[in-house]
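# Structural overview for review
Spelled out, the chains give:
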Amino acid sequence: MASEYIELPPDDATKLSPNVHPSLEVDQASLDQHVSIDLSKLDQNIEAITNTVAPNTQLWPVIKDDAYGHGAIPIAKRLAPQVHGFCVVRPSEGVRLRDAGIRLPILVFEPPNERTAPFYSTHDLMASVSHSRHLDLLQPGCSYHVNIDTGMKRLGAPIEELPALLQAIQKRKDIYGKGVYTHFYKADDPGSSTVAEQLDLFQRLQSQFPTEWLRHTANSGAIFHYAKQLPLSFDAVRPGVCLYGYSAGDQAIDSLRPLLSWQSRLVHHQPVKKGESVSYGARWRAPRDGWVGVIPVGYAHGLPRLLSNKMQLCINNELYEQVGSITMDFTLIWLGEDKVPLETPVFLLDAEHLRANVWAEKTQTIAYEITTRISPKVPRVYVG
Ligand SMILES: *Cc1c(COP(=O)(O)O)cnc(C)c1O
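How each quantity is defined
Residues numbered from 1 in each chain as written. Predicted model: local features only at pLDDT ≥ 70, side-chain atom pairs only at ≥ 80, totals over all residues. Heavy atoms only, no water. Near = heavy atom within 4 Å. Polar contact = N/O pair within 3.5 Å; in protein donor to acceptor, adjacent residues only side chain to side chain. Areas by Shrake-Rupley, 256 points an atom, 1.4 Å probe, with all protein chains shown as cover. Nonpolar A, V, L, I, M, F, W, Y, C, P; charged D, E, K, R; others polar. Helix = DSSP H or I, 4+ residues; strand = E, 2+ residues; numbered from the N terminus. Buried < 20%, exposed > 50% of the residue type's maximum accessible area, 1.4 Å probe, protein only. Domains from an automatic or database assignment. Contact = heavy atoms within 4.5 Å. Buried area = accessible area lost by both parts, 1.4 Å probe. Salt bridge = Lys/Arg side-chain N within 4 Å of Asp/Glu carboxyl O. pLDDT = per-residue confidence, 0-100. Phe/Tyr/Trp six-rings, centres within 6.5 Å; stacked < 30°, edge-to-face > 60°. Lys, Arg positive; Asp, Glu negative; His and termini not counted. Pairing = 2+ DSSP bridges. Axes fitted to C-alpha atoms, helices over the stretch in contact; angles between N-to-C directions. Core = buried A, V, L, I, M, F, W, Y, C linked by side-chain atoms within 4.5 Å.

Taken together, 13 residues surround the ligand, and among them Lys64, Tyr68, Ser220, Val241 and Tyr368 come closest. At 2.9 Å from a nitrogen atom of the ligand is found a side-chain nitrogen or oxygen belonging to Arg238. Within the backbone of Gly240, one N or O atom sits 2.9 Å away from an oxygen atom of the ligand. When the free accessible area of the ligand is taken as 390 Å², the share hidden by the protein chains comes to 92%. Of the residues in the shell around the ligand, the class split is 6 nonpolar, 4 polar and 3 charged.

So this is what it looks like as structure tokens:
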């Protein structure tokens, strides 16, 4: 079985961090930036989720795309004793988890195709099925959940096609249906009526499936904004971004703790005179004589260039303004009168003042995009 891990079709190759477990020594000796992931915060976020959902609700954490940039394997290993299964998007992600020794059920969101179908049996992955052709692709012994569309209009089975799908399910006795689910498209908004509409629809449709199948609907938004509305008969939730400490949407959730901090070091500093510009395009000028520092992090590492002149960094527990255009590999900081010594640690992101959701607001995106875009070149270090 082991030799098959490298047989993945090239277009299904998901890039996982090449630096899943670098040793701290190597980082400190040769790297001038790293992302630190505090796994004890993951436990706290799991607790926050369990406190919100109905008792005995199964947790199926979503660790797609390298756990939103946090590293799927270390996250899965930490979560395994506390959860019932994992969700990923591509079979290759599931294969890597199996390779790392993860034994829990793994649900794959994308539909199977001819290239990926064999891996569902070789690596015991659960398929998401939304059409009879998906059933046809699965080899005997495989299991699957049915994904029903109730409004997201992305991957689920359209309602009109459910009767045909149900018929096809009847005919395939050699593969095993284990669950039925849907996905909310506006649960990040606490005041949306669409969640109730989707729930109503799902309530009606799910009754056509065997009672012993697992029912699940909730993502992070639904867990924190709509938990009371979720029928007790629903057995599982699929938390994603909340695991990593961010709320889905604009409303902050106080019980969540970001796992991630991003840290670098000052590699250069220089005096600037009042009125002098720094970096490309002269988009910032010194308000007075002072010092400008440089860190070796830029947009090539996933620091959004749109944050130029808009972000703060933390040095010795004090906040400093980033100034001038962020460049591919370097970013400048206004130090004012402080000639901060070279090698001093500089934080770009942390759990207190410098949160990914603040960057997201300033760049008109969501925390999800910020963390998943931190380059795999940036080593991840695990603490806690
Ligand atoms: C990504 C995803 C989730 C998790 O969403 P969050 O908003 O991060 O909690 C759940 N279900 C499906 C189908 C997804 O694609």
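Assignment of secondary structure puts Gln364 in the loop between helix H11 (356-362) and helix H12 (367-372). For Gln364, a relative accessible area of 77% gives the class exposed. Separated by 124 residues in sequence, Gln364 and Gly240 have C-alpha atoms that sit 20 Å apart.

The subject of this paragraph is the domain arrangement of the protein chain. For the protein chain, the assigned domains are domain 1 (39-244) and domain 2 (260-383). Every contact between the two is made by 10 residues of domain 1 and, on the other side, 8 residues of domain 2. Both faces combined, the contact of domain 1 with domain 2 buries some 820 Å², and carbon together with sulfur accounts for 61% of it. When residues of domain 1 are sorted by the area they lose upon contact with domain 2, Tyr68, Gly69 and His70 head the list and together hold 52% of the total. Linking domain 1 with domain 2 are 0 salt bridges, by the criterion used here. Residue assignment for the side of domain 1 that touches domain 2 shows that the elements contributing at least two residues are helix H2 (39-52) and helix H3 (64-69). Residues of the side of domain 1 that touches domain 2, tallied by class, amount to 4 nonpolar, 4 polar and 2 charged.

It is worth spelling out the confidence of the model for the protein chain at this point. Residues at a pLDDT of 70 or more form 92% of the protein chain, whose mean pLDDT is 92. Of the regions scoring below 50 in pLDDT, residues 1-18 engages in 30 contacts with residues more than four places distant in sequence or in other chains.

A word on the packing of aromatic side chains. All told, the structure shown has 8 aromatic pairs when counted by the stated rule. Ring centres 4.8 Å apart and planes at 35 degrees place the aromatic pair Tyr68 and Tyr244 in the tilted group. Of this pair, Tyr68 sits in helix H3 while Tyr244 sits in the loop between strand E9 (236-237) and strand E10 (260-265), placing them 176 residues apart in sequence. When sorted by exposure, Tyr68 lands in the same class as Tyr244, which is buried. Judged by centre distance (5.2 Å) and plane angle (55 degrees), the ring pair of Trp284 and Trp334 falls under tilted. Note that Trp284 is positioned in the loop between strand E11 (268-272) and strand E12 (290-295) and Trp334 in strand E15 (residues 331-336), a separation of 50 residues in sequence. For Trp284, a relative accessible area of 15% corresponds to the buried category. On the accessibility criterion, Trp334 (11% relative accessible area) is buried. Members of the aromatic cluster, connected to one another through ring pairs, are Tyr68, Tyr244 and Tyr368.

Turning to the side chain of Arg215, a few remarks are in order. Inspection of the secondary structure assignment puts Arg215 in strand E8 (residues 214-218). Buried Arg215, no salt bridge; nearest opposite-charge side chain is Asp235, N-O distance 5.4 Å. At a separation of 2.8 Å, a polar atom in the side chain of Arg215 contacts the main-chain carbonyl oxygen of Pro210.

Glancing now at unusual backbone geometry. For Asn56, which is not a glycine, the phi torsion comes out positive at approximately 70 degrees. Position of Asn56 relative to the elements: it lies in the loop between H2 and strand E2 (58-59). With a relative accessible area of 79%, Asn56 lands in the exposed category. Phi is positive for Asp65, which is not a glycine, with a value near 50 degrees. On the secondary structure map, Asp65 appears in helix H3. With a relative accessible area of 39%, Asp65 lands in the partly exposed category.

On to the pattern of salt bridges. Taken as a whole and assessed by the stated rule, the structure comprises 8 salt bridges. Close ionic contact of Lys153 with Asp149 constitutes a salt bridge, the shortest N to O distance being 3.4 Å. On the basis of relative accessibility, which here comes to 69%, the residue Lys153 falls in the exposed class.

Okay, the sheet that holds strand E5 (residues 127-129) next. The 6 strands lie next to each other as E2-E9-E8-E7-E6-E5, forming an open sheet whose pairing is parallel. Each edge of the sheet is formed by a strand with only one pairing partner; in this case those strands are E2 and E5. On top of the sheet, helix H9 (residues 194-206) reaches strand E7 (176-181) and E8; it is set at about 170 degrees to E8, its chief contact.

In terms of nonpolar packing, the biggest core is built from 106 residues, with Ile63, Ile75, Tyr144 and Trp262 touching the most fellow members. Counting the residues that make up this core, at least three belong to each of domain 1 (39-244) and domain 2 (260-383). If near-sequence neighbours (up to four positions away) are discounted, Ile75 is found in contact with Ile37, Leu39, Leu42, Ile63, Ala67, His70, Tyr244 and Leu259. Membership of the second largest hydrophobic core comes to 9 residues, among which are Val278, Val323, Leu332 and Trp334.

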